[in-house]
Amino acid sequence: MVSQSRLVVGLVGGSHLVNHAYFMLLPPIFGPLRADLGLTDAQLGIALGVVGVVVTALQLPLGSLSDSRGRTPVLAISLSFGALGALLTATAQSYAWLLGASVVTGIGIAGHHPAHYPLIGAATTAETRGRAYSVHGFTGALGFAAPPAIVAATATLGLDWRLAIGAIAAVGTLYAVACLLAFARYVDRDITHPSSEATPSTAESPTASDPPFTTRVRRELHRLLASPPIVALTVLWFCTSAAGWGIKQYTATLLSTGYAIPDSTANFAVSTMLTVGAVLIFGGGWLTDRHAPGPVLVGGYAALAAVAGLLAIGSLPVLGALALVLVLSATVDGSRPARAALADALSAEDSAGKNFGLLTIGISGGAAVAPPVLSVVVGRFGVGAAFWAIAGLGVVAIGLTGVVLSVGGRAVARDPQPGD
C-alpha cells in the first residue's frame, strides 16, 4: 500500500502540473494572439473568462461522476480534454476557433480537482495525507510557471508561439497515456473507485421510476448545502483564494508606491515570494501530519492577518518590508495542505468528489470577485487599503476555521492525527 500511495501521489502530482499548465496557456501568448489573429484585449479577456466559466460550471457534475462512477474516468476526461484544448489553441486560426479551444480546455481543467483530491485521500493515511497534499500543491505551482517559461524560451530561440503551445499539448498527451495506463495496471480499484459506487446492473441506464435529471441535480445540491462544515469550508476557500489573488496582484505595487522600492526590485521580490511560498507548502504538509489541520490553519491565517496588516501601515523599514513580503504568500500557501486534509476528513467516500468540486467553486469565486472589488478599493483608497482588506480576510478565515472545527468536530475526530 505504501508503494501504491507514492505512485498515486506522484501520478496525481504530474496531472496537477499539466492541468495548471493548461490553465496558463493564454496569458503568455496574448501579444502574439493580438498580432496573428487581430484580437483585442477585450476578446482575449473573454476567451480567458470562458475557461473559468466552464471550469466552475462543471465542478459539481464531474464531482458527482467521480463519486458514482470512479475517479479515473474523470481523470481521463481531464487529461484528454486538456491536451486537446492545448492542441486546438496551438492551431487556432480565428477567434471562434480560440473560443472553442477555451471551452475544450475548460472541460479538461474542470475534472482535475474532483478526481485528484479523492484519489489522494483514498491512497494515503492520516499520518501522510498532509505531505501528499503538499506535493499536489507544489506541482500545481510548477504548472502555473511552465507556460510562461516555455513561451519565453521559444521566443528567445526565434521560434513561433504555436510551437510552444503545441509542445505543451504533446507532453500533456504523452503524460495522459502514461498516467492512465499506470492507474489501470498498478493501482487497486478500491483507490480508483468509491466502495459505494453503483453496481453495473443499476448504473447502466436510468429507469422509468428515476426522477428527472434536474430533480437529481437539485437533490445533490441540497445535500451539499445541507452540510454546514462543507459550506463553511467553501466560504473559507473563497476567502483564501481572494486573499491569495490580492497578494499576487498588488504586492509589487505596494512595495513600489508605499516603500519607494524600484519596480525591478519589487517584481523580483514578488517572484521570490511566490517561490518561497511554493517551497513552504512542504512545511505546511509536515505540520499538518504532525499537529492536525486546525492549528496549522489558525496559525497560517493569523500570520496572514499580521503580515498584511504590518505591510499596510507603510512605515516599516525597507528591509523589514522585504523580509515580510518573502513570507506573505507562504501564510496562504503553507496552509493549503491542512485545508485539503480537513476537507478530506469531513467527506464520506461517496461524497469526496462533489465536496471538492464545491470547494473548487469557492476558489473560482474568490478569484472572480477579488479583482473588481480590490481594484475599486485601490482606486479609491490606495494600495494600502487593499492590504488591510487582505488582513481582514485573514481574520475572517480564522473565524471560519473555528466554525468548521466546531460544527464538523465529530468527523474530524474520526480521522485522528499524530500528536492528538
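Residues numbered from 1 in each chain as written. Predicted model: local features only at pLDDT ≥ 70, side-chain atom pairs only at ≥ 80, totals over all residues. Heavy atoms only, no water.

### Description of the packing of helix α8 (residues 129-156) against helix α17 (residues 336-345)
In step 1: Look at α8 against α17: their axes get within 8 Å of each other, and the N-to-C directions meet at 125 degrees. Considered as vectors, α8 and α17 are oriented oblique to each other. Every pair of crossing elements has a handedness; the one defined by α8 and α17 is right-handed. Along its contact with α8, which presents Arg129, Gly130, Tyr133, Ser134 and Gly137, the element α17 presents Arg336, Pro337, Ala340, Ala341 and Asp344.
In step 2: In terms of residue class, the contact of α8 with α17 is built from four nonpolar, three polar and three charged. (Axes fitted to C-alpha atoms, helices over the stretch in contact; angles between N-to-C directions. Helix = DSSP H or I, 4+ residues; strand = E, 2+ residues; numbered from the N terminus. Parallel < 35°, antiparallel > 145°, perpendicular 65-115°, else oblique. Left-handed = near helix turned anticlockwise from the far one by under 90°. Contact = heavy atoms within 4.5 Å. Nonpolar A, V, L, I, M, F, W, Y, C, P; charged D, E, K, R; others polar.)

### Section: a negative patch on the surface
In step 1: Together, Asp188, Asp190, Glu349 and Asp350 make up a region of like negative charge exposed at the surface.
In step 2: Position of glutamate 349 relative to the elements: it lies in the loop between α17 and α18 (352-381).
In step 3: Given a relative accessible area of 36%, glutamate 349 falls into the partly exposed group. (Patch = residues over 30% accessible without salt bridge, like charges linked within 9 Å, V, L, I, M, F, W, Y side chains within 5 Å. Areas by Shrake-Rupley, 256 points an atom, 1.4 Å probe, with all protein chains shown as cover. Salt bridge = Lys/Arg side-chain N within 4 Å of Asp/Glu carboxyl O. Lys, Arg positive; Asp, Glu negative; His and termini not counted. Charge placed at Lys NZ, Arg CZ, Asp CG, Glu CD. Buried < 20%, exposed > 50% of the residue type's maximum accessible area, 1.4 Å probe, protein only.)

### Observations concerning helix α6 (residues 95-110)
In step 1: In this model, α6 (16 residues) spans 22 Å end to end at C-alpha, consistent with the 22 Å of a helix rising 1.5 Å per residue.
In step 2: Tyr95, Leu98, Ala101, Ser102, Val104, Thr105, Gly106, Gly108, Ile109 and Ala110 are the residues of α6 that are buried. (Expected span 1.5 Å × (residues − 1).)

### Re a nonpolar patch on the surface
In step 1: Taken together, the side chains of Leu157, Leu159 and Leu163 make up a nonpolar region of the molecular surface, amounting to roughly 310 Å² of accessible area.
In step 2: On the secondary structure map, leucine 157 appears in the loop between α8 and α9 (161-186).

### Observations regarding the pattern of salt bridges
In step 1: Across all of its chains, the model carries five salt bridges by this definition.
In step 2: Among the salt bridges present, the one from aspartate 67 reaches arginine 71, with a minimum N-O distance of 2.9 Å.
In step 3: In this structure arginine 71 comes out as buried when scored by relative accessible area, which is 3%.
In step 4: The salt bridge partner of aspartate 67 is lysine 354, with a shortest N-O separation of 3.0 Å. Note that aspartate 67 is positioned in helix α4 (residues 59-69) and lysine 354 in helix α18, a separation of 287 residues in sequence. Here aspartate 67 matches lysine 354 in class, with each residue buried.
In step 5: Sharing partners across several salt bridges, the network here consists of Asp67, Arg71 and Lys354.

### Some remarks on the packing of helix α13 (residues 228-258) against α17
When two helices pack together, their arrangement is given by the angle between the helix axes and by the axis-to-axis distance.
In step 1: Relative to each other, α13 and α17 sit at 165 degrees, their axes nearing to 11 Å. With respect to their mutual orientation, α13 and α17 come out roughly antiparallel. The crossing of α13 and α17 is left-handed. Judged by residue contacts, Leu233, Trp237 and Thr240 of α13 engage Arg339, Ala340, Leu342 and Ala343 from α17.
In step 2: A breakdown of the residues in the contact of α13 with α17 according to their chemical character gives five nonpolar, one polar and one charged.

### A short note on the environment of glycine 284
In step 1: The topology assignment puts glycine 284 in helix α14 (residues 263-291).
In step 2: The exposure class of glycine 284 is buried, given its relative accessible area of 5%.
In step 3: Excluding residues within four positions of it along the chain, glycine 284 makes contact with Ser134, Val296, Gly334 and Pro337.

### Remarks on the nonpolar core
For soluble globular proteins, nonpolar side chains are generally found buried alongside one another.
In step 1: With 71 residues, the main nonpolar core has Leu33, Phe183 and Leu233 as its most contacted residues.
In step 2: Take this core: its biggest share by element is nine residues, from α9.
In step 3: Beyond its immediate chain neighbours, meaning those up to four positions away, phenylalanine 183 contacts Val8, Leu11, Val12, Thr72, Leu75, Leu119 and Thr192.
In step 4: In terms of nonpolar packing, the next biggest core, distinct from the first, is built from 30 residues, Leu304, Leu311, Leu328 and Val332 among them. (Core = buried A, V, L, I, M, F, W, Y, C linked by side-chain atoms within 4.5 Å.)

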